[in-house]
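Each chain, letter by letter, is given below.
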Amino acid sequence: MSFSDPKLKLFTGNANPELAREIAHHIGIDLGVMQIARFRDGEIQIKLGESVRGCNVFVVQPTSAPVNEHLMELLVTVDALKRASAKSINVVLPYYGYARQDRKARARDPITAKLVADLIQTAGASRVICMDLHAGQIQGFFNIPLDHLVGMPILARYFEHKNMENVVVVSPDLGGVTRARQLAERLGATLAIIDKRRPEPNVSEVMNIIGDVRGRHAILIDDIIDTGGTIALAAEALREQGAASIYACCTHAVLSPPVLEPRGAMPQPAWRLDATAVCSEDEVLIDVSALNVDAASFQQIIADVGRDEHAVSERILSIIRERGKLHNPVTGSGGMLLGTVREIGVNYENRAAIAPGDRIATLVSLSLTPLHIEAIHSIHLDTGQVVCSGTAVLFSSGLLARLPSDLPEALALAVCDVCGAPAQVARICQPGQTVAIFGGGGKSGMLSAVQARRKIGEAGRLIAFETAEKSAQALRELGCADHVVLADARDPVQTLNAMMNVTDGVLADVTINCVSAPGTELASILVTRTRGLVYFFSMATSFTAAALGAEGVGKDVDMLIGNGYAEGHAELAFELVRNEPKLQAVFAAKLAQPTGGGTPQ
């Protein structure tokens, strides 16, 4: 295709020059010459490199991220073209930034979609060309011609080529029903709608699916996927209702950070996150007051920089500044935080369960939590607790717990950090079993010991291993272990002999490893009977060492690699501490100790 009209001009800003070049190539013209410069204070300066007098000019400039930068580029460009006597100025907006604030959802809300429309018109645009506006009423915000293109035919063509049968098109909310119905009609598919409701105050949101999805290939369609929270929750609901497969499609794949590097990665494996203190519609913004660094990570930092509070602080801050999260590059682990809810996104799934001002602890790893720390005020070198000030963003899928009013905050934080361990122990231990716990004097070890004793009863046997006499004495005071054994679990033969001595040769039915140091996998395997279970809770666990170690000694055991999450885990751990006075006293003493000696577990 070629246009020979010399009065047709095409310009672009920095938002998507590749798209503008493809359009220019397709219609057979050159891109207009334009220079975009900056003053020292960041102001945008536009310099047109050719005459546009009497020309019909098209400006390709989606107002995508960074939205404010690209919007100002567009406005200044349009103003420059108007003052250069262009005959018409046609703004091509593949993505219309600020479109999601299209009405007053609450008192004192702005309507930014209308504001942007006014700005574009005032700058001098003659016509606007948009694609899949977030809300159809935005067309009415303009007093100039607006062409509204739709991307649905392109999306439909993709699925038509797949020759799928038994398809259901799903709208992730009530607002997208028209879009979903159009795609369903195009594909000859049925329609389903996800209806999000809260049955009563302070009850979590329920996702009801209107329509039949069981055994069908579900296609979720939306105009924008930003953080992906809404689509992810919708996909989970479809999976629970028996959908055979789930596809998601959209026109505007915004896919905002948190992930800055590498783009497209999930937050946990990503190298760097965007920790800007902005609360998206399905997130929670938290004012952070304390961190509980994962024991394996904290021990590694201390081993590297020494037991110096300033040096440890600097190392923690350097990791957070570099990565936008607390994700130790050596151990791969993080920790969790304590803070105050500052803001809750309007579409956050459990919005009714919390309120601004609530004191909460996060139950997801800091290795996937966008985190900005302004200052570290103090560090407890024995427990890994860091008193600090900063902000964090909790994703829609992130778990949190409101801090109980009947427990000190430092104690609650310590319990939340390891609450997955006793919850898993409650699942895997059975009455009358012999259970071995490595690292029994640490936080996770003590909670696991108390929970194991509850499960195995008086008929069972509980053997707790520790390397330091101080931690062993704390275990004895707890009174739940039948034997407290001093042994270095990094020496598998010594540990096995110690086990055999106290049990008269009986091996463990279940072994629980809570040691925060590497190299204890083989000892855990050796003390476990054939077809017994080894539960590795510690983040210092090496899957390779565990798998190859069992193979090397010919030991047929089941191995469960630690899962920090189990449904109801925080409540279970809090209940243990509340109802076991000795456990609460040992925890309190551990948190009150002056720093020096020992390592956190």
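What counts, and at which threshold
- Residues numbered from 1 in each chain as written.
- Predicted model: local features only at pLDDT ≥ 70, side-chain atom pairs only at ≥ 80, totals over all residues.
- Heavy atoms only, no water.
- Buried < 20%, exposed > 50% of the residue type's maximum accessible area, 1.4 Å probe, protein only.
- Helix = DSSP H or I, 4+ residues; strand = E, 2+ residues; numbered from the N terminus.
- Pairing = 2+ DSSP bridges.
- Right-handed = clockwise from strand over helix to strand, strands pointing away.
- Arc of directions from axis to C-beta.
- Axes fitted to C-alpha atoms, helices over the stretch in contact; angles between N-to-C directions.
- Contact = heavy atoms within 4.5 Å.
- Polar contact = N/O pair within 3.5 Å; in protein donor to acceptor, adjacent residues only side chain to side chain.
- Parallel < 35°, antiparallel > 145°, perpendicular 65-115°, else oblique.
- Nonpolar A, V, L, I, M, F, W, Y, C, P; charged D, E, K, R; others polar.
- Disulfide = S-S within 2.5 Å.
- Salt bridge = Lys/Arg side-chain N within 4 Å of Asp/Glu carboxyl O.

A. Inspection of the pairing of strand β24 (residues 508-513) at higher detail. Burial of β24 is extensive: six of the six residues sit out of reach of the surface. Pairing analysis gives four bridges linking strand β21 (residues 434-438) to β24, with the strands arranged parallel. By the bridge assignment for β24, Ala-436 is matched with Thr-511. Handedness of the crossover joining β24 and strand β25 (residues 528-536) through helix α14 (residues 521-526): right-handed.

B. A look at helix α15 (residues 543-552). Looking only at α15, the buried set comprises Ala-546, Gly-549 and Ala-550. Each buried residue of α15 lies within a common arc of 95° when the element is viewed along its axis, so the set occupies one face. Exposed residues lying more than 90 degrees from the buried face of α15 are Leu-548, Glu-551 and Gly-552. Where α15 terminates, the next one or two residues include Gly-554, which has phi positive at roughly 65°.

C. A look at unusual backbone geometry. Ala-65 connects to Pro-66 through a cis peptide bond whose omega is -5°. One non-glycine residue with positive phi stands out, namely Arg-108, at about 70°. Take Arg-108: it is sitting in the loop between β5 (88-93) and α3 (112-123). With relative accessibility at 75%, the residue Arg-108 sits in the exposed group. Despite not being glycine, Asn-163 has its phi angle at roughly 50°, a positive value.

D. Quick peek at the sheet that holds β24. What the six strands build is an open sheet, ordered β23-β22-β21-β24-β25-β26; its pairing is parallel. Each edge of the open sheet carries a strand with a single partner, namely β23 (483-486) and β26 (558-561). Across the sheet, the mean angle separating the axes of adjacent strands is 15° when strand polarity is ignored. Helix α10 (residues 420-428) rests against β24, β25 and β26 of the sheet, and its axis sits at about 155° to β25. Those strands touched by helix α13 (residues 492-503) are β21, β22 (461-466), β23 and β24, and its axis lies near 145° from that of β22.

E. View of the environment of Glu-466. In this fold, Glu-466 is placed in strand β22. On the basis of relative accessibility, which here comes to 3%, the residue Glu-466 falls in the buried class. Spatially, the C-alpha atom of Glu-466 lies 52 Å from that of Arg-214, the residues being 252 residues apart in sequence. Only 2.9 Å separates the side chain of Glu-466 from the backbone nitrogen of Gly-441, close enough to count as a polar contact.

F. Molecular detail of the packing of α10 against helix α16 (residues 569-579). One way to put it is that α10 packs onto α16 with a least axis distance of 8 Å and a crossing angle of 95°. It follows that α10 is roughly perpendicular to α16 by the angle criterion. Contact with α10, carried on its side by Gly-420, Pro-422, Ala-423 and Ala-426, involves His-569, Leu-572, Ala-573 and Leu-576 of α16 and no other residues of that element. Tallied by class, the residues present in the contact of α10 with α16 amount to six nonpolar, two polar and no charged.

G. Highlighting the state of the cysteines. This structure, assessed with the given rule, holds zero disulfides. Lacking any disulfide linkage, Cys-279 is separated from the closest cysteine sulfur, that of Cys-388, by 19 Å. On the accessibility criterion, Cys-279 (14% relative accessible area) is buried. Free of any disulfide, Cys-419 has its nearest cysteine sulfur in Cys-416, 5.5 Å distant. Classification of Cys-419 by relative accessible area gives buried; the value is 1%.

H. Broad picture of the pattern of salt bridges. The final tally for this structure, using the stated rule, is 30 salt bridges. A salt bridge links Lys-9 to Glu-50, with the shortest nitrogen-to-oxygen separation between them at 2.8 Å. Linking Lys-9 in strand β1 (residues 8-12) with Glu-50 in the loop between β3 (44-48) and β4 (56-60), this pair joins segments that are 41 residues apart in sequence. Among the residues examined, Lys-9 registers a relative accessible area of 18% and is labelled buried.

I. Highlighting the environment of Val-288. Positionally, Val-288 belongs in strand β15 (residues 284-293). Residue classification places Val-288 among the buried residues on the basis of a relative accessible area of 5%. Taking the C-alpha atoms as reference points, Val-288 and Ser-524, 236 residues apart in sequence, are found 37 Å from one another. Each residue touching Val-288, except ones within four places of it in the same chain, is listed here: Leu-337, Leu-338, Gly-339, Leu-371, Ile-373, Cys-388, Ser-389, Gly-390, Thr-391 and Ala-392.

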